[in-house]
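Reading the structure
Letter by letter, the chains look like this.
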Amino acid sequence: MADDEAKKAKQADIERKRAEVRKRMEEASKAKKAKKGFMTPERKKKLRLLLRKKAAEELKKEQERKAAERRRIIEQRCGKPRDLQSANEAELQTLCQSFWKRISELEGDKFDLEYQGRLKQFEISDLNAQVNDSRGKFVKPTLKKVSKYENKFAKLQKKAAEFNFRNQLKVVKKKEFTLEDEEKEKKPDWSKNKGDAKAEA
C-alpha cells in the first residue's frame, strides 16, 4: 500500500511538473505570438504598399512644385509668352529688337561677372602667396610635365620628313629643259642672213 501511495504521489508530482512546463511553454509561445502577431507578413506587405504610394504622391507633389517654380522664374526673367501667331511684322520686329537688347545686356553682365571672378581668383592666389611668405613657407608652382624624349622625337620626325621629301622628288633629264640646244637648233632669221652674206663676200 505504501508503495502504491508513493508511486501515485510520484506520478502526481511528475504530472504536476509536466503541467507546469506545458503552461510555461504555452505562455512563452503566446508571448512570441503576441510579439510576432502585430507585424504579420500581410501587414508588412500593406505597409510597404502604403509607403510606396505615399512616396509616389510626395514625388509627384515635388515635381509639380519644381515645375511651378520653374515657370514662375521663366515668366519673371523672360516675361509672359507672347502671341506670335496673330502678331504682324512690325510687332515681331519690335519683339526681336527687345529680345536682342535684353540678350546684349545679359552678355555684358556675364562678361563683367566673369571678369570679377577672375580678379577675385587672382586676389585669392596673391593673398595665399603673401600668407605663405609670412609663415616662411614656399609653395612650389605647379610645373608642366614634359617628356625627356620629346625633342629627340621631333628631330627624328623632321629628318624623316626631309628624307621623304627628297625621295619623292623626280629625277629631271637635263635635255628636256635646256635652252642652249634649242638655240643651236633654231637660229634667228637675221643670223642666217649674216651667214649667207659672209659666204657671198
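Fair warning: this is a prediction, and the values are worked out from it, not measured in the lab.

1. Some words on the overall build of the protein
A count of helical and extended segments in the protein gives six helices and zero strands. The helix and strand sequence of the protein, counted from the amino end, reads α-α-α-α-α-α. Classification of the 201 residues of the protein by burial places 1% in the buried group. Per element, the accessible surface of the protein, about 21,200 Å² overall, is 57% carbon and sulfur.

2. Overview of the layout of surface pockets
For the largest pocket, the calculated volume is near 150 Å³. Around the largest pocket sit R77, C78, R82, S98, F99, R102 and L106, which together line it. Mapped by element, the contributors of at least two residues to the lining of the largest pocket are α2 (41–78) and α3 (89–135). A per-element tally of the lining of the largest pocket places α3 first, with four residues.

3. Some details on a nonpolar patch on the surface
A contiguous nonpolar surface patch, about 270 Å² in accessible area, is contributed by M39, L47 and L51. Its place among the elements puts M39 in the loop between α1 (2–38) and α2. Taking relative accessible area as the criterion, M39 reaches 34% and is therefore assigned partly exposed.

4. Section: the confidence of the model for the protein
Confidence in the prediction for the protein averages 78 pLDDT; 71% of positions are at 70 or higher. Here helix α5 (residues 180–185) stands out as the element of the protein with the lowest mean pLDDT, 54, in contrast to α2, whose mean of 90 is the highest.

5. So, α3
Look at α3: 68 Å from first C-alpha to last across 47 residues, which is about the 69 Å you get at 1.5 Å a residue. Of the residues flanking the end of α3, it is G136, one or two places downstream, whose phi is positive at about 90°.

Rules used throughout
- Residues numbered from 1 in each chain as written.
- Predicted model: local features only at pLDDT ≥ 70, side-chain atom pairs only at ≥ 80, totals over all residues.
- Heavy atoms only, no water.
- Helix = DSSP H or I, 4+ residues; strand = E, 2+ residues; numbered from the N terminus.
- Buried < 20%, exposed > 50% of the residue type's maximum accessible area, 1.4 Å probe, protein only.
- Areas by Shrake-Rupley, 256 points an atom, 1.4 Å probe, with all protein chains shown as cover.
- 1 Å grid on protein atoms, 1.4 Å probe; cavity = no way out; pocket = protein on both sides within 12 Å on 5 of 7 lines; lining within 4 Å.
- Points joined across faces, edges and corners; volume = space filled by probe spheres on them.
- Patch = residues over 30% accessible without salt bridge, like charges linked within 9 Å, V, L, I, M, F, W, Y side chains within 5 Å.
- Salt bridge = Lys/Arg side-chain N within 4 Å of Asp/Glu carboxyl O.
- pLDDT = per-residue confidence, 0-100.
- Expected span 1.5 Å × (residues − 1).

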